Amino acid sequence: MPARILIIEDNSANLELIEYLLKAAGYQTLAATDGARGVQVAREQRPDLVLCDLQMPVLNGYEVLEQLRAHPLTRLIPVLAVTAFSMPGDRAKVIEAGFDGYLSKPIEPEQFVRQVEQYLPGNMIRSPTKG
Ligand code: MN
């Protein structure tokens, strides 16, 4: 069964690109354009993986992660940070905060799906070269 992936991203161009790439690779997507809604969708839909932008109004990515980890229904879902910041040390900071992984913007269409698939269980991967 292909993974259901929730994308929490306030930039509509990035959101559309990520949804497009994941759907084209055979995955089901769920989307939220702010952190509060993202937390709500995660509780209602229990996605297999969450991709979360860090820079968002209302709830930023760190706050979203905190709320997901604090709730029994979403506590174990892997969450990847997707961020435009790519300063030395950012990756360590994101991992230290408790994210399972880190993907940097700009999104590289050629590699993006493969990067995401590294965080999925083998039986949920669609790409023929994996799983
Ligand atoms: Mn943003």
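Residues numbered from 1 in each chain as written. Predicted model: local features only at pLDDT ≥ 70, side-chain atom pairs only at ≥ 80, totals over all residues. Heavy atoms only, no water.

Around the manganese ion, the protein supplies Asp10 (OD), Asp53 (OD) and Gln55 (O) as donor atoms, at distances of 2.0 to 2.2 Å. The sequence pattern formed by the donor residues of the manganese ion is D-x42-D-x1-Q. You can see Asp10 sitting in the loop between β1 (4-8) and α1 (12-24) and its partner Gln55 sitting in the loop between β3 (49-53) and α3 (61-70), a full 45 residues away along the chain. By relative accessible area, which is 34% here, Asp10 ends up partly exposed. When its relative accessible area of 29% is taken as the criterion, Gln55 is described as partly exposed. (Donors = N, O, S within 2.8 Å, 3.2 Å for Na, K, Ca; no water. Helix = DSSP H or I, 4+ residues; strand = E, 2+ residues; numbered from the N terminus. Buried < 20%, exposed > 50% of the residue type's maximum accessible area, 1.4 Å probe, protein only.)

Another aspect to go through is the pairing of β3. By the criterion of burial, β3 is predominantly enclosed, with 5 of the 5 residues buried. Bridge count for β1 against β3 is 4 bridges, and the pairing is parallel. Directly across from Ile7, in β3, lies its bridge partner Leu51. Sheet analysis places β3 next to strand β4 (residues 79-83), joined by 4 bridges and oriented parallel. Residue pairing for β4: Asp53 is matched across the bridge by Val82. In terms of handedness, the path from β3 via α3 over to β4 forms a crossover that is right-handed. (Pairing = 2+ DSSP bridges. Right-handed = clockwise from strand over helix to strand, strands pointing away.)

As a further point, take the pattern of salt bridges. Between side chains of opposite charge, pairing is possible as soon as their charged atoms come close. Tallying each qualifying case throughout the model produces 5 salt bridges. In this structure, the salt-bridge partner of Glu9 is Lys105, at a minimum N-O distance of 3.0 Å. Residue Glu9 is found in the loop between β1 and α1, and its partner Lys105 is found in the loop between β5 (101-104) and α5 (109-117); the two are separated by 96 residues along the sequence. Considered together, Glu9 and Lys105 belong to a single accessibility category, that of buried residues. The network of salt bridges with common partners includes Glu9, Asp53 and Lys105. (Salt bridge = Lys/Arg side-chain N within 4 Å of Asp/Glu carboxyl O.)

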